[in-house]
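Listed below, chain by chain, are the residues.
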Amino acid sequence: MSASRHPALLAADPELASFVAAEEVLQAQTLRLIPSENYVSAAVLEASGTVLQNKYSEGYPGRRYYEGQQNIDRVEALAIERAKGLFGVDHANVQPYSGSPANLAVYLAFAKPGDTVMGMALPMGGHLTHGWGVSATGSWFRGVQYGVRADTGLIDYDAVRDLALAERPKLIFCGGTALPRTIDFAAFAEIAREAGSVLVADVAHIAGLIAGGAHPSPADHVDVVSTTTHKTLRGPRGAMLMCRAEHAKAIDKAVFPGLQGGPHNQTTAGIAVALHEAAQPSFTAYAHQVVANAKALAAALLQKGFDLVSGGTDNHLILIDLTGKDVPGKIAAKALDRAGIVVNYNTVPFDPRKPFDPSGVRIGTPSLTSRGLSTEHMPVVADWISRAVDAAAKGDEQALSVIRAEVTELMAAFPAPGLPLS
Ligand code: DSN
């Protein structure tokens, strides 16, 4: 791997080029287990770095505030059509800059400051933008929050219903960032209907699984689907809002001119390519393999004596509760990083520790599956995690170095998409 992959960058700015080259090596050599990350294909990478970014195009295809949109309109219309086809929705807006602005646009479309909104609490696995206090969505709106049951780690749908009927929120968000289990969109739809709320499925984490048929689709159940495009969907960093025809105007108006200016056309192009790739049979196989790998990894971790929130996983994500291991999440995550295994520390439901120093570690299988690892490798991965956590407890840096060498050796045999080893 060398900076010669980007010769113009190397010539113009060697210092910056060296940082990019170092990141390429890091992404190639490490085992990346952060469940919200992935590797984009070379085609998505190319589309996202095109001259399309030289163009301003405020507005929508056929209705712009700048001239010269002959090609941009075609790019955006293609992305929209592909999103509609892949997710089975009436309308798609592909302009949100990322997940948080996408969700903010939903508030703008359906609620007024001070209105009550409902989402899953952040420490229970929700997202900041689902009305959590430190987010603008929790200070400009009145956020009420649901969670999971202490005994099962599963969403308590009865409690969700009771809260929704008591509070009658304008918006209900389902979905989140640390949910290892299938979301029952039909159950949320029934609750939202009874409460008179607009239901939003934030499927950022599982969009690729939905596209590949490895998780039920929310399309027939919810008013709005919000998603980022760079997680399991394996596209560039961006987002989309999809909805039924009746909400199309409100959503489009909220994204532009309500919240954003010109769309990032190079990102729109990358999204279009990613959606095309996600419509292929190979992506269906990928999505199912992500889940099979996660289930195999969860089983291997349970065998190693780890506690997993909800006892396992139905999707791409596993939340390890380290309370019984006497190693807090942050110390474990940093030790794993030194061992070449990249994870993030995370709160677990009912965590007795603080969010910046919590009890859990969140892992997932989208990236390793993109590199071609399969269920047979998951016991090896679980063994590395177990040895690294033990080493963290003992302060054994030598053991972490040994694991790092083993990780580097295995990953060299599985080149990442868009990042060929050389
Ligand atoms: N930051 C994302 C994640 O890691 O899940 C959510 O926004």
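None of the values given here were measured: they were computed from a predicted structure.

Running from N to C, helix H13 (residues 329-338) and helix H16 (residues 397-412) cross one another at 55°; their axes reach a closest spacing of 8 Å. Here H13 is positioned oblique relative to H16, judged by the angle of their axes. Residue-level inspection shows Ala335, Asp337 and Arg338 of H13 in contact with H16, the latter providing Glu397, Leu400 and Arg404. Broken down by class, the residue content of the contact of H13 with H16 amounts to 2 nonpolar, no polar and 4 charged.

In a disulfide, the sulfur atoms of two cysteines are covalently bonded to one another. Taken as a whole and assessed by the stated rule, the structure comprises 0 disulfides. Free of any disulfide, cysteine 243 has its nearest neighbouring cysteine sulfur in cysteine 174, separated by 15 Å. Overall, the relative accessible area of 3% leaves cysteine 243 in the buried class.

Core analysis: the largest hydrophobic core is formed by 52 residues, its most contacted members being Phe87, Phe188, Leu233 and Met240. A per-element tally of this core places helix H8 (residues 185-195) first, with 6 residues. Here leucine 233 is in contact with Leu86, Phe87, Ala207, Gly208, Ala211, Thr228, Met240, Ala274, Leu275, Ala278 and Phe283, once residues within four sequence places are set aside. Residues Leu336, Val361, Val407 and Met411 belong to the second largest nonpolar core, which totals 37 residues.

The space that makes up the largest pocket amounts to roughly 880 Å³. In terms of lining, the largest pocket is formed by 40 residues, of which the most central are Gln27, Asn38, Val40, His230 and Arg237. Where the lining of the largest pocket is concerned, the elements lending two or more residues are helix H2 (14-29), helix H3 (42-47), helix H5 (99-110), strand S9 (224-228) and helix H11 (265-278). If one sorts the elements of the lining of the largest pocket by residue count, H2 sits on top with 4 residues. The residue inventory of the lining of the largest pocket, partitioned by class, reads 10 nonpolar, 21 polar and 9 charged. Per element, the largest residue contribution to the lining of the second largest pocket is 3 residues, and it comes from strand S14 (residues 344-346). Its residues placed into classes, the lining of the second largest pocket shows 7 nonpolar, 5 polar and 3 charged.

Definitions and limits used
Throughout this description, residue numbers start from 1 for each chain and increase along the sequence as written. Since the coordinates come from a predicted model, pLDDT governs what is reported: local features require at least 70, and pairs of side-chain atoms require 80 or more to be given and counted, while whole-chain, interface and lining totals use all residues. Excluded from the side-chain calculation are hydrogens and water; included are all heavy atoms of the structure. For helices, the fitted line uses only the C-alpha atoms of the stretch in contact; every axis is such a line through C-alpha atoms, and the angle between N-to-C directions lies from 0 to 180 degrees. A run of DSSP states H or I qualifies as a helix once it reaches four residues; a run of E qualifies as a strand once it reaches two. Both are numbered from the N-terminal end. The cut-offs work like this: below 35 degrees is roughly parallel, past 145 is roughly antiparallel, 65 to 115 is roughly perpendicular, and the gaps in between are oblique. Throughout, a residue-residue contact means that at least one pair of heavy atoms, one from each residue, lies within 4.5 Å. Residues are grouped as follows: Ala, Val, Leu, Ile, Met, Phe, Trp, Tyr, Cys and Pro are nonpolar; Asp, Glu, Lys and Arg are charged; every other residue, Gly included, is polar. Disulfide assignment relies on a single distance test, namely cysteine sulfur atoms paired within 2.5 Å. Relative accessible area decides the class of each residue, using a 1.4 Å probe on protein chains only: under 20% of the type maximum gives buried, over 50% gives exposed, and in between gives partly exposed. Residues grouped as a nonpolar core are buried Ala, Val, Leu, Ile, Met, Phe, Trp, Tyr and Cys residues, joined through side-chain atoms within 4.5 Å. Cavities and pockets are defined on a 1 Å grid built over the protein atoms alone: a cavity is a set of grid points where a 1.4 Å probe fits but cannot escape, while a pocket is an open set with protein on both sides within 12 Å along at least five of seven lines, and lining residues are those with an atom within 4 Å of any such point. Grid points are joined across faces, edges and corners, and a volume is the space filled by probe spheres set on the points.

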